Amino acid sequence: MSRPRRPIMRTLVPIVALAISGLLLLMVLMRPEPGVPPAPGTAIAPSPLLGQVAPPLMPDTDATAASPFGNPMIELAGAQGVTVVNFWASWCPPCRAEHPTLLRLAESGVRVIGVNIDDEPGAARDYIDGAGNPFAAIVFDPKLRVAAGWGVTAPPQSFIIDAEGRVAAAFRGALIGSDFEQRFVPALKAAGWQGEISR
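Attention in this report is confined to the structure presented alongside it.

**Focus on the environment of Ala 190**
Working step 1: Along the chain, Ala 190 turns up in helix H5 (residues 177-190).
Working step 2: Judged by its relative accessible area of 36%, Ala 190 is partly exposed.

**Description of helix H2 (residues 93-107)**
Working step 1: For H2, which comprises 15 residues, the first-to-last C-alpha distance of 22 Å matches the rise-based estimate of 21 Å (1.5 Å per residue) to within 8%.
Working step 2: Taking the largest bend as the criterion, H2 deviates by roughly 40°, centred on His 99, and proline Pro 100 comes between one and four positions later.
Working step 3: Where H2 is buried, its residues contact strand S1 (83-88), strand S2 (111-117), helix H3 (121-131) and H5.

**Considerations on the state of the cysteines**
Working step 1: Summed over all chains, the structure comprises one disulfide.
Working step 2: Across the disulfide from Cys 92 sits Cys 95; the S-S distance is 2.5 Å. Negative torsions about the S-S bond denote left-handed disulfides, and the value of about 80° found for Cys 92 with Cys 95 makes this one right-handed.
Working step 3: With relative accessibility at 4%, the residue Cys 95 sits in the buried group.

**Topic: the environment of Gln 52**
Working step 1: Along the chain, the position of Gln 52 falls in the loop between helix H1 (8-30) and S1.
Working step 2: Through-space distance from the C-alpha of Gln 52 to that of Gly 165 is 8.3 Å; in sequence the pair is 113 residues apart.
Working step 3: When near neighbours in sequence (up to four residues on either side) are disregarded, Gln 52 contacts Gly 165, Arg 166 and Val 167.

**Points about the side chain of Asn 116**
Working step 1: Following the sequence through the fold, Asn 116 ends up in strand S2.
Working step 2: Engagement of the side chain of Asn 116 in a polar contact is seen with the side chain of Asp 119, the distance being 2.9 Å.
Working step 3: Beyond its immediate sequence surroundings of up to four residues, Asn 116 is in contact with Phe 69, Trp 88, Ala 89, Ser 90, Ala 124, Ile 138, Val 139, Phe 140, Asp 141 and Pro 142.

**Considerations on the packing of aromatic side chains**
Working step 1: For the coordinates displayed, the defined rule picks out eight aromatic pairs.
Working step 2: Three or more aromatic residues joined by ring pairs form one cluster here, namely Phe 69, Trp 88, Tyr 127 and Phe 135.

**A closer look at the packing of H2 against H5**
Working step 1: At their nearest, the axes of H2 and H5 sit 14 Å apart, and the two run at 35° to each other. Relative to H5, H2 is oriented so that their crossing is right-handed. Residues Thr 101, Arg 104 and Leu 105 of H2 form the contact with H5, whose own contacting residues are Phe 180, Glu 181, Phe 184 and Leu 188.

**Points about the pattern of salt bridges**
Working step 1: Tallied over the entire structure, the rule returns four salt bridges.
Working step 2: A salt bridge links Asp 179 to Arg 183; the nearest nitrogen and oxygen atoms lie 3.8 Å apart. Note that Asp 179 and Arg 183 are positioned in helix H5 at a spacing of four residues, about one turn of the helix.
Working step 3: A salt bridge links Lys 189 to Glu 196; the nearest nitrogen and oxygen atoms lie 3.1 Å apart.
Working step 4: Judged by its relative accessible area of 57%, Glu 196 falls in the exposed class.

Basis of the calculations
Residues numbered from 1 in each chain as written. Predicted model: local features only at pLDDT ≥ 70, side-chain atom pairs only at ≥ 80, totals over all residues. Heavy atoms only, no water. Helix = DSSP H or I, 4+ residues; strand = E, 2+ residues; numbered from the N terminus. Buried < 20%, exposed > 50% of the residue type's maximum accessible area, 1.4 Å probe, protein only. Expected span 1.5 Å × (residues − 1). Bend = angle between axes of the 7 residues up to and from the residue. Contact = heavy atoms within 4.5 Å. Disulfide = S-S within 2.5 Å. Polar contact = N/O pair within 3.5 Å; in protein donor to acceptor, adjacent residues only side chain to side chain. Phe/Tyr/Trp six-rings, centres within 6.5 Å; stacked < 30°, edge-to-face > 60°. Axes fitted to C-alpha atoms, helices over the stretch in contact; angles between N-to-C directions. Left-handed = near helix turned anticlockwise from the far one by under 90°. Salt bridge = Lys/Arg side-chain N within 4 Å of Asp/Glu carboxyl O.

No statement about biological role is implied by the geometric values presented.
This is the structure in structure tokens:
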């Protein structure tokens, strides 16, 4: 006499529940402790550039004629102090989500350089005109040639550059919420910035 088959759902439910519980536990264990700044040079996003002199921010010579932002020559080391380099695109929802944070940084005196990647000139210009411009300068990089030198494949991604022009920290994703307050701001201060972020 054959044994009756157990319904497949009765077998799968405990396995799925166990997998979800394990994932939640892992997320809790990996969550950063509030108020503890990362050490200088810590990779919030892994980057081989940490501690290295930042790559140049030279406009793509093939795109200079089409650039809606001019062709700035940007120096990352020297008297400018700490700089945030932010890779963004007008079509990118997380970039739009973090834009008010970038405006706050600029209002607080942080030098923010934008690198507009994989975008159309008109769309990029219209977005900045409508949302406000937090950037001291913008490099137009429609073919991701500048981005490739920084190891960036998709926006948004931000780098903190110290006064010597070295990459102090790298962040992947939108600079918003508690992650911005508890990780990005301490890393900015660890790199040598001494101001306060406006509210």
